[in-house]
Amino acid sequence: CGVCGVFGHEEAANLTYLGLYALQHRGQEAAGVTSCDGTLFHTHRGMGRVADVFGAEDMDRLKGRHAIGHVRYSTSGASVERNAQPLVIDYQHGGLGMAHNGNLVNAAQLRQDLERQGSIFQTEMDTEVIIHLVARALGTSVEERLANALREVRGAYTLVALTESRLVGARDPLGFRPLVLGEIDGAYVLASETCALDLIGAELIRDIEPGEMVVITRDGVRSLFPFEPQPRRMCVFEYMYFARPDSTLDGINVYNARKAIGRELAREHPVEADVVVPVPDSGVAAAMGYAEESGLPLELGLIRNHYVGRTFIEPKQAIRHFGVKVKLNAVRDVLKGKRVILVDDSIVRGTTSAKIVGMVKAAGAEEVHMRISAPPTIGPCHYGIDTPDRDQLIAATHTQEQIRSSLGCETLAYLSLDGLYRGMGGRAPGYCDACFSDDYPVAPEGKVQQMSLL
Ligand code: 5GP
Ligand code: SF4
Ligand code: MG
């Protein structure tokens, strides 16, 4: 998911809406904006992309100088309108709106406890668990209540919360998901990625730190660190795949990181070939790095239809298979008779990759050498990225030779974890790489019920 918030601007809702446009890649299932005019909250939410959800009249209704917004996609939490965010409640301390990116590993347990004590839930989202905890929490301010609530949750969260008089942003102590602070016309902006600041013309002030809570009021920004400090574990996959290449997160530009990772891939796994071809769009920057390092020409041998969503966001398997052909086509004149190095960011189930290799071969390529700019994906993510269960991950259930043969390519090679971190400029300041290493920074509680993602 992606989150955005604006405090103290005439055009708060419009800016938030525009910010969501820039964050659309983080979720295309639902979108919503909640504004506040100092007394009343106004919300518009709907299923689909930002462009489909908001009309001119909806925007007119989102009055006030403060707003928060959200773009969402889910896995097991149903894809229905009641699961769209932001969530807004009216409780003993006034109004509270909230939008959340992440996944709580103990959400199911907390929800069960809350329901036993009489709480009634209206959605299937983790966000509502946080809301219930805040409503019951002790504290004299919303930030105190929010901090007390968040001390009970475990896992990944980046959230923005809005009251009548403040905008609060928080990043969990390990900092899995990004959050940045910006400024425009004297108003403050919070967003998942810097590309949202760029779109609205806001200036980046800084990243919100892992474990930090910022409280934005008319008097400015206050920073709190209400949690026990923990080693930073920003999701390395944000850099490799999820975030937009024009974003800079925790000081590292995503495009530069991907390109450097591609160079490492070329150093680790060179092969004699004629051209380097990226699988668009996720493989493009890494393929550029690979081509640069290997001295081979980069060619766009696969062209993407941009009017189809990312395959992995489509919720149904049947659509996924269909989606590959809708999404990509091979350029015969580029591929015919060539030995092709095909670069992509990851292999998850292996189904898409097999079709792409087939497509490249059908276009006349002599040889296909698959190069993956990540280590094998061997485990699911419990922290807000929609990877399937382990038994669906081809690298968890098959040897590399079996994968190569099922893809139908001549050679297959993955970047090592060390190579990945060389590309990232080192292991500091600290990342989560659990889906590649099996080193999970927060133990998934029993059988994790991923109720709401991103
Ligand atoms: P596969 O060959 O595993 O079916 O698909 C590989 C493609 O899925 C790659 O191009 C990659 O960009 C994309 N992908 C990346 N991350 C994820 C993810 O978390 N889940 C899924 N399902 N696909 C992903
Ligand atoms: Fe990111 Fe993978 Fe860690 Fe999930 S498990 S937070 S996708 S690195
Ligand atoms: Mg891809």
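In this text, all values refer to a predicted model and were calculated from it rather than measured experimentally.

Visitor: I'd like a description of the site of ligand 2, backed by residues and values.
Guide: Ligand 2 sits among Phe176, Cys235, Val236, Phe237, Cys381, Tyr383, Ile385, Cys432, Asp433, Ala434 and Cys435. Here the residues of the shell around ligand 2 are counted per class, giving 10 nonpolar, no polar and one charged.

Visitor: Describe the sheet that holds strand β17 (residues 275-278), with residues and values.
Guide: Across the sheet, four strands lie side by side as β17-β20-β21-β22; this open sheet has parallel pairing. The open sheet has two edge strands with one neighbour each: β17 and β22 (411-414). This sheet shows a mean twist of 20° between the axes of neighbouring strands, independent of strand direction. In this structure, strand β21 (residues 367-372) lies alongside β22, joined through four bridges in parallel fashion.

Visitor: Can you break down the pairing of strand β10 (residues 187-191) residue by residue, with the values?
Guide: Regular strands place their side chains on alternate faces of the sheet. Of all five residues that make up β10, five are buried, and the element is covered over most of its length. Along β10, one buried face is formed by Ala187, Val189 and Ala191 and the opposite face, lined by Tyr188 and Leu190, is buried too. Here strand β1 (residues 2-7) runs beside β10; their pairing, made up of four bridges, is antiparallel. Across the sheet, residue Phe7 finds its bridge partner in β10, namely Tyr188. Judged from the five bridges that link them, strand β9 (residues 180-184) and β10 form a sheet pairing that is antiparallel. Bridge pairing in β10 places Val180 opposite Ala191. From the end of β9 to the start of β10, which pair antiparallel, there are two residues, and Asp185 there has a positive phi angle of about 50°.

Visitor: So what's going on with the sheet that holds strand β8 (residues 167-171)? Which residues, and what values?
Guide: Read across the sheet, six strands follow the order β5-β6-β7-β8-β12-β13 without closing on themselves; strand pairing throughout is antiparallel. Only two strands of the sheet have a single partner each, and these edge strands are β5 (87-91) and β13 (220-224). Direction aside, neighbouring strands of the sheet carry axes that sit 20° apart on average. One ladder, built from five bridges, connects β5 with strand β6 (residues 94-104); its direction is antiparallel. Opposite Val88, over in β6, you have Gly97 as the bridge partner. Against the sheet, helix α5 (residues 126-136) touches β5 and β6, its axis set at about 135° to β6. Lying on the sheet, helix α6 (residues 142-150) is in contact with β6, β7 (155-162), β8, β12 (213-217) and β13; it crosses β8 at an angle near 25°.

Visitor: How would you sum up the packing of α5 against α6? Please name residues and give values.
Guide: As a packed pair, α5 and α6 sit with axes 8 Å apart at the nearest point and diverge in direction by 125°. Considering the angle they form, α5 stands oblique to α6. When you trace α5 past α6, the crossing you get is right-handed. Across the interface between the two elements, Ile130, Leu133 and Val134 from α5 touch Arg145, Leu146 and Ala149 from α6. Tallied by class, the residues present in the contact of α5 with α6 amount to five nonpolar, no polar and one charged.

Visitor: Which residues make up the pairing of strand β20 (residues 339-344), and what values do they have?
Guide: With five of its six residues buried, β20 lies for the most part within the structure. Here four bridges tie β17 to β20, and the two strands are oriented parallel to one another. Looking at the pairing, Val276 lines up with Ile341 of β20. In the sheet, β20 pairs with β21 via six bridges, with the strands oriented parallel. Counted as the bridge partner of Val340 is Val368 from β21. Once you follow β20 into helix α13 (residues 351-362) and on to β21, the crossover reads as right-handed.

Visitor: I'd like a rundown of unusual backbone geometry, residues and numbers included.
Guide: Between Gln85 and the following residue, Pro86, the backbone shows a cis peptide bond with an omega angle of 0°. One can find Pro86 in the loop between β4 (66-72) and β5. The step from Ala428 to Pro429 runs through a cis peptide bond, and the omega angle for that step is 5°. With phi around 50°, Asp185 is a residue other than glycine that occupies positive phi space. Along the chain, Asp185 turns up in the loop between β9 and β10. A positive phi is found at Asp438, a non-glycine position, where the angle reads about 70°.

Visitor: Got a sec to walk through helix α10 (residues 284-294)? Specific residues and values, please.
Guide: The element α10 is extensively covered by neighbouring structure, given that eight of its 11 residues are classed as buried. Every buried residue belonging to α10 is among Val284, Ala285, Ala286, Ala287, Gly289, Tyr290, Ala291 and Ser294, and all of these are buried. On the buried face of α10, the contacting elements are α9 (254-268), β17, β20 and β21. Positioned one or two residues after α10, Gly295 has a phi angle of 80°, which is positive.

Visitor: Describe the UniProt feature "binding site: Mg(2+)" (unreviewed entry) in the protein, naming the residues involved and giving the relevant values.
Guide: The UniProt record marks Ser282, Asp344 and Asp345 with the feature "binding site: Mg(2+)" (unreviewed entry), using the residue numbering of this structure. Spanning 64 residues, the named residues form one tight spatial group whose C-alpha atoms are at most 6.5 Å apart. Not counting residues within four places of it along the chain, the set of residues in contact with Ser282 comprises Tyr241, Asp344 and Asp345. Take Asp344: it is sitting in strand β20. Residue classification places Asp344 among the buried positions, given that 24 C-beta atoms sit within 10 Å. Sequence-distant contacts of Asp344, that is, excluding residues within four places in its chain, are made with Val279, Ser282, Gly283, Ser353 and Ile372.

Quick notes on the rules
Residues numbered from 1 in each chain as written. Chains lettered and ligands numbered in written order. Predicted model: local features only at pLDDT ≥ 70, side-chain atom pairs only at ≥ 80, totals over all residues. Near = placed C-beta within 6 Å. Nonpolar A, V, L, I, M, F, W, Y, C, P; charged D, E, K, R; others polar. Pairing = 2+ DSSP bridges. Helix = DSSP H or I, 4+ residues; strand = E, 2+ residues; numbered from the N terminus. Axes fitted to C-alpha atoms, helices over the stretch in contact; angles between N-to-C directions. Buried ≥ 20, exposed ≤ 12 C-beta atoms within 10 Å, placed from the backbone. Contact = placed C-beta atoms within 7 Å. Parallel < 35°, antiparallel > 145°, perpendicular 65-115°, else oblique. Left-handed = near helix turned anticlockwise from the far one by under 90°. Right-handed = clockwise from strand over helix to strand, strands pointing away. UniProt positions renumbered as here; feature names shortened; annotations may be inferred.

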